[in-house]
Amino acid sequence: MTSMGLMMGVKKVQGKTQKMDRSLPITIDPAFRSVSKNSTNFLIWRVEKMQLLPLAKSHYGTFHTEDAYIVYVAAERGKIASHDMPSYSPRGPLEVHIHFWLGAECSTDSATMAAYKSVELDTYLGGSPVQHREVQNSESPRFKSYFKSGIRLLIGGVEFGQSSLRIVEPRLFQVRGRRSPVLLQMPEISWRFFNSGDVFILDTKDVIFVWIGKFSNSLEKLQAAKIAKKLMEEHHALSIVFVDDGKEMDLPQSEKLLLGVYLDLNKRNLVRDRIFDDDKSMEILINSKLKLYHCSEEDGTYKVVEAKTGPLHQSDLHSSDSFIIDNCGHSVWAWIGKHASMRERNEGIRNAHGFVKKKGYSAGTPVCRVIEGGEPPEFKALFLSWKDKDDLNFGFTLPHGSYKASPKSATVKLDAASLHRPLRIQNGSMESILNIIDSKMEVWRVSRSVLKEVPFSAVGRFYTNDCYLIHYSYNYAGKNHHVLYYWLGLHSTVMEQTALAYHTVAEDERLGGIAVQVRVVEGKEPPHFLHMFRGRLLIMQGDHSDEMPRNFMLQVRGTSQETTRAYQVHLRAASLNTNYVYVLKLGKDEQNYIWCGRKSTGDERDMAKHIAEKYAPQHLVLYEGQEKETFWEDIGGRDIYSDKRLPENPVHCLSPRLFCCSSPCGYLKVEEVVHYQQTDLMPEDIMIMDTWETLFIWIGAEANQEEKRSCIQLAIEYLKSDPSGRDVKIPIVLIKQGHEPPVFTSFFARWDDDLWKSHKTFGEVRKELENAKPTIQVELKLNTGPAFDFEDYPKYPFHNLIEKEPEKLPKNVDLLHKEMHLNEKDFAAVFGMRYKEFAKFPKWKQDILKKDVGLF
């Protein structure tokens, strides 16, 4: 890639180029004096006439399309950050983010000022905050998470002033977003801005119309209803009227007439069909590849050169350099090593923005700058392996700072029933009671698309050419619980896998739809699955058999009952590996062996003995290098074997992440919920909890039926879409609303089993609001028009009509239509038009004009 043209000072030292930082100390803007480096805080400034002015807290969440803003967020690490969070000195470290938000119509000067001041604030704070560039309509999930009740985007800019927010005039809004809704003001009230895929709100001050597009989703409808109720409370509106797409003419006569005042019902044909363009911008491309670019200075020129195509590892980054990570145009990250110069820290976000322009990406592409050691979860998730400096156990931090656990310890001490049993937290790890009382396990395999029960003697042996269904049931706290595992052999056919999926759903329906379903792929068995077989799970080659073969060799992998599985390998010396332990059975009347590679551990040898007790009770333990010649003769002679350990899953310390996933028109749409809470699990939705080693699918009771049926495929597409290049074979756990096991609920700071009892669907909220609606308010509104023609009103001088106190006005003045008392000459002088032209405007436009001249 060619130079991006950023010139920086350099000097030569012993033939090496070193960076020189010639930047002068930056004078801190007085606006930043309210920022405390040692306490939590949430602050917003707006660029006004090339100055930063603090935004009143009452207006947090409202942004103007012609303005630029800086948002400062300092929260205790692991805690939820929001616009109304309290300010306090935390015990733990702070996590600081600086966002500069640019309206779609803001000037270049304002945008530049916001970017420059963000760097100034970052420098004042020591250069450690994460910097984000936010663009209207492309805000990051993290930015939107600060405003759970929603964001309002109003047309105009600073000239409107904060006081303009108190002036209520008819406005049209589009409602977008499922959890943190965005209320986007349209340029004018017109049918040409409507489309059938969204929800719109027409706020007329006295009456609020909620127009429901016929293809809009249930969560946007629910959010629109909540917003309408809030607007009604804010300016004491009389009523909320719901209008269904295509049924405008079916409204009661008074409501239809009032709607017609603002929108000509004869032009309703201007409404467009569903629009997917905006949604497609959020599409995650399947099998997309990350790209890593190395940033360097040579001969005074800043250069960006492609270094690698994903998957990426933490070791690809070096502390002395800076890098740009390109997530296929969906986001661009600038990573600054801790030994990089201060100039590189300050220029990082600008360089990343320049990269976006060079690549020709959308101006709304999210751009972030992170400093080594302060990487947020969204950044770490781009890497296939990541280990934090202070995480000695390769652990990950669970949300809200509740506790710390490694991926291994978070699940290793869980049996199948522990998906439901309470968890104990000790020394930072989760443990569960392992002794299962009153439990039962049934196992079937798929044979010619039908289920055939596996005899008791063969339970625990899985064959790589087959598929199995395991029903694990137990009683706990007086309730019956069910877990359905469906195990897929690596060499099983698509037909068998499809049949198994069908039988799993059928078995779940037979159980009343309350079972936890777990997809397990050969070699990726989760600890709670392995523990069911007490460390004696065998994966055999070929097709299923009810009897063990006469001669076989097993490679044992694992150190405990929750991690051990044994694989059948070819019975020959070449199958051995110095890193593992093997169990060899050579017939009923011949000698059996446990062969221990010199690099194997004592725990691995113990687990091999545990397996041999069942399958080869009479055996001889051999250690590599001490074998007798008879051993080699028994396995067909000596041969060369491997001394390399088989690849293991990459270690990743990643906080659990919650996503809403859907496929609205055949492509995968993913929306992350940052700073998630239980309330983000909406009954109308399907959610994915990604804990890196396991994927949980949470299915809401009111979720789309089609997506319910295809949720496993949705999860697989999600894994394929992961830019980190993760294995798609990880366990997938299916969970139903109201039947969540603690292994899932433990990822939430607080869990309330009764939460959804008070949840109301859109239909219920709409019915409540419609039942509370008065029936007379529209008629009163319509009776406020002029009672006579313009010529019939008595005329008075303008200065007499602008009097605000009614008793000081001339007698017989119509208080709602003072303009009718002006003569033709005065009317033209005051309004700049004749009355006939004025009368053609809709009432809301007339009201605005009257406000401007003081006659409203």
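Residues numbered from 1 in each chain as written. Predicted model: local features only at pLDDT ≥ 70, side-chain atom pairs only at ≥ 80, totals over all residues. Heavy atoms only, no water.

Per an unreviewed UniProt entry, the chain is named HP domain-containing protein, and its organism is Bemisia tabaci. For the chain, the Sequence similarities (unreviewed entry) comment in UniProt is given as "Belongs to the villin/gelsolin family." (UniProt positions renumbered as here; feature names shortened; annotations may be inferred.)

*Asks:* I keep staring at the overall build of the chain and nothing clicks. Help me out?
*Replies:* Summing up its helical and strand segments, the chain has 20 helices and 43 strands in all. A burial count over the chain gives 54% of its 856 residues as buried. Element-wise, carbon and sulfur atoms account for 50% of the exposed surface of the chain, whose accessible area totals about 39200 Å². (Helix = DSSP H or I, 4+ residues; strand = E, 2+ residues; numbered from the N terminus. Buried < 20%, exposed > 50% of the residue type's maximum accessible area, 1.4 Å probe, protein only. Areas by Shrake-Rupley, 256 points an atom, 1.4 Å probe, with all protein chains shown as cover.)

*Asks:* Can you walk me through the nonpolar core in this structure?
*Replies:* Phe42, Ile44, Trp45, Phe63 and Tyr72 are the most contacted members of the largest nonpolar core, which totals 74 residues. Of the residues forming this core, the biggest block, 8 residues, is contributed by strand β7 (residues 68-76). Filtering out sequence-adjacent residues up to four positions away, Ile44 remains in contact with Leu53, Pro54, Leu55, Tyr60, Phe63, Tyr69, Ile70, Val71 and Phe147. In this structure, Ile470, Val516, Leu537 and Ala612 belong to the second largest nonpolar core, which totals 55 residues. (Core = buried A, V, L, I, M, F, W, Y, C linked by side-chain atoms within 4.5 Å. Contact = heavy atoms within 4.5 Å.)

*Asks:* Before we go on, may I ask you to explain helix α13 (residues 711-721) in this structure?
*Replies:* It helps to recall that an α-helix has 3.6 residues per turn; residues three or four apart then point in one direction. Judged by how many residues are buried, α13 sits mostly within the fold: 9 of 11 residues are covered. Considered for burial, the residues of α13 that qualify are Cys711, Ile712, Leu714, Ala715, Ile716, Glu717, Tyr718, Leu719 and Ser721.

*Asks:* Can you help me understand the packing of aromatic side chains in this one?
*Replies:* Any two aromatic rings considered together are summarised by their centre-to-centre distance and by the angle between their planes. The tally for this structure, following the rule as stated, stands at 51 aromatic pairs. Ring centres of Tyr146 and Phe147 lie 6.4 Å apart, and the angle between their planes is 80 degrees; this geometry places the pair in the edge-to-face category. Each member of the pair, Tyr146 as well as Phe147, carries the same accessibility label: buried. Here Phe631 and Trp632 contribute two aromatic rings whose centre-to-centre distance is 5.1 Å and whose plane-to-plane angle is 70 degrees, an arrangement assigned as edge-to-face. An aromatic cluster is built from Phe42, Tyr60, Phe63, Tyr69, Trp101, Phe143, Tyr146 and Phe147, whose rings are joined through pairwise contacts. (Phe/Tyr/Trp six-rings, centres within 6.5 Å; stacked < 30°, edge-to-face > 60°.)

*Asks:* Is there a simple way to think about the environment of Ser89 in this case?
*Replies:* Its location among the elements puts Ser89 in the loop between β7 and β8 (94-102). Through-space distance from the C-alpha of Ser89 to that of Asn38 is 6.1 Å; in sequence the pair is 51 residues apart. Dropping the residues within four chain positions of it, Ser89 is found in contact with Asn38 and Ser39.

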